[in-house]
Amino acid sequence: MAESPASLTMQEQAHEDIIITNPNVVGEGKSKDLSTDVLTDSGDVSPGKQEDKPTAKVPILNRIKGVSLFVFASILASTYGGFVKYMDTLPSGEVVLVTCSYAACLIGLFISFQGHSVISFPRKKWVFLRCALASTALPCKVWSVQNMPLGNATALIFTSPIMTCVLARVILKEKINLFHVFAIVVGLTGIILIARPSFIFPSEEAEDYPLWYNIVPLITALSLSLAYVCQRHIGSAVNCFVVTFYGLVCQSLAGIILQAATQSSYVNPSCYTFRGMLLLLCFLQAIAFCAINKGLSYEKAATVSLIRNLDTVLAFVLQVVIFKEAAEILSLIGAALIMIGTISLTLSKMFGVDCGVKF
């Protein structure tokens, strides 16, 4: 006997509810379109299509958490970069190896105390891919900062937000609105004005270096972008401390490889100041890694990547306040542009404003 249209509608709705509430169901409703993912109050990702089923907006508290964690991570990363630049007499591989290995031990003890498993957890392939990408980015970043003019390295590394927006749109199907575009344009302009790379602002005093050196910071930018996309896909399915632990272990191995590749010998820090800085970098690296992983469970990869433009502003502040470098007018304008772009994007996310235009 043929079923009535009403009963068919009820069955279809029940089937749709099962698909939406159970991400493990394999079928036509298992969508990979993560642009319509909705974060629950706990930060979990619930797949579903907004066109088919109305979904609640991300809670403002979750937006605040995601943005705050990445602002905090930016502060830690800038401090980390300042210390690394100060300790440029130490080999890059040694800095990465010492800081990441001690940080991994610290996180490992914390995980053991909390009772989390580092063996049994979901999405292992994504976790290890995320860790491999992060372990590629950090050594390349440290090498770039120590072996290239700081302005050139900074400008090339901070092409990462542009790459992240493109990759998140292609892979995760995240929507990009006019606030993202505005933040990209003014942010990149601000970074160029602060860093003043020699390939845009030629100078007779500019340090000459091989052209292929530019590839290294670009690898850093691409690795960071892909790592953000992977972590966004992982979400809160895996404890952020577990991801951080494996990330730091992989970065420690990358430090060994970098030390061997550059044929650098181990340098024993000659003073307690350097030893204290290395110990401080361990804590900074561990906390920043955790903040990034947790922040990506609350906010989209494109948004948090653009917020990381604050690193450049904070690094500029460190150079003026700590290293007593003179602040030039172009640098001040650049810092203001980055702040304008970041603040406008942050406020738009917190209050759900997107100008009605999405890409």
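Residues numbered from 1 in each chain as written. Predicted model: local features only at pLDDT ≥ 70, side-chain atom pairs only at ≥ 80, totals over all residues. Heavy atoms only, no water.

Caption draft 1: Quick look at the overall build of the chain. Along its length, the chain carries 13 helices and two strands. Here the chain, with 359 residues, has 46% of them falling under the buried criterion. Long-range pairs, those at least 24 residues apart, make up 86% of the contacts in the chain between residues at least 6 apart in sequence. Just so you have it, the chain exposes about 17700 Å², and 68% of that area is on carbon and sulfur atoms. (Helix = DSSP H or I, 4+ residues; strand = E, 2+ residues; numbered from the N terminus. Buried < 20%, exposed > 50% of the residue type's maximum accessible area, 1.4 Å probe, protein only. Contact = heavy atoms within 4.5 Å. Areas by Shrake-Rupley, 256 points an atom, 1.4 Å probe, with all protein chains shown as cover.)

Caption draft 2: Representation of the side chain of Asn-293. Checked against the element boundaries, Asn-293 lands in helix H10 (residues 272-295). Non-local contacts of Asn-293, meaning those with residues more than four positions away in its chain, are made with Arg-130, Gln-231, Cys-240, Val-243 and Thr-244.

Caption draft 3: View of unusual backbone geometry. In this structure, Lys-173 is a non-glycine residue whose phi angle is positive, near 60 degrees. Tracing the sequence through the fold places Lys-173 in the loop between helix H6 (160-172) and helix H7 (178-195). You will see that Arg-196, though not glycine, has its phi angle at about 45 degrees, which is positive.

Caption draft 4: Spotlight on the confidence of the model for the chain. In this model, the chain carries an average pLDDT of 77, and 80% of its residues clear a pLDDT of 70 or more. Across residues 1-56, where pLDDT falls below 50, the model places 60 contacts with residues more than four positions away in sequence or in other chains. (pLDDT = per-residue confidence, 0-100.)

Caption draft 5: Looking closely at the environment of Ala-221. Secondary-structure assignment places Ala-221 in helix H8 (residues 215-234). Expressed as a C-alpha distance, the spacing of Ala-221 and Phe-158, which sit 63 residues apart in the sequence, is 6.6 Å. If we skip the residues at most four places from it in the chain, Ala-221 touches Leu-156, Ile-157, Thr-159, Ser-160 and Met-163.

Caption draft 6: Here's a closer look at the pattern of salt bridges. Applying the stated criterion across every chain yields a total of two salt bridges. Taking the shortest distance from any N to any O, the salt bridge between Glu-174 and Arg-232 comes out at 3.6 Å. Here the residue Glu-174 occupies a position in the loop between H6 and H7, and Arg-232 occupies one in helix H8, the gap between them amounting to 58 residues. Across the pair, Arg-232 and Glu-174 agree in class, each one buried. Across the salt bridge formed by Glu-328 and Arg-196, the nearest N and O atoms sit 3.0 Å from each other. Here Arg-196 lies in the loop between H7 and H8 and Glu-328 lies in the loop between helix H12 (310-321) and helix H13 (329-350), a separation of 132 residues in the sequence. We classify Glu-328 as partly exposed; its relative accessible area is 41%. By relative accessible area, which is 25% here, Arg-196 ends up partly exposed. (Salt bridge = Lys/Arg side-chain N within 4 Å of Asp/Glu carboxyl O.)

Caption draft 7: Region of the structure containing H8. Look at H8: 28 Å from first C-alpha to last across 20 residues, which is about the 28 Å you get at 1.5 Å a residue. Taking burial as the measure, the 20 residues of H8 include 14 buried ones, the bulk of the element. Among the residues trailing H8, Gly-235 stands out with phi positive, at a value near 60 degrees. (Expected span 1.5 Å × (residues − 1).)

Caption draft 8: Looking closely at the packing of helix H4 (residues 124-147) against H8. It is at 8 Å that the axes of H4 and H8 come closest, and there the two elements cross at 155 degrees. One finds that H4 runs roughly antiparallel with respect to H8. Where H4 crosses over H8, the two elements pack in a sense that is left-handed. In this structure, H4 uses Trp-126, Val-127, Leu-129, Arg-130, Leu-133, Ala-134, Thr-136, Ala-137, Cys-140, Lys-141, Trp-143 and Ser-144 to contact H8, whose residues at the interface are Val-216, Pro-217, Ile-219, Thr-220, Ser-223, Leu-224, Leu-226, Ala-227, Cys-230, Gln-231, His-233 and Ile-234. Tallied by class, residues from the contact of H4 with H8 come to 16 nonpolar, six polar and two charged. (Axes fitted to C-alpha atoms, helices over the stretch in contact; angles between N-to-C directions. Parallel < 35°, antiparallel > 145°, perpendicular 65-115°, else oblique. Left-handed = near helix turned anticlockwise from the far one by under 90°. Nonpolar A, V, L, I, M, F, W, Y, C, P; charged D, E, K, R; others polar.)

Caption draft 9: Geometry of the side chain of Arg-130. Mapped onto the fold, Arg-130 is located in helix H4. Among all residues touching Arg-130, those that are not within four sequence positions of it are Ala-227, Cys-230, Gln-231, Ile-234, Val-243, Phe-289, Ile-292 and Asn-293.

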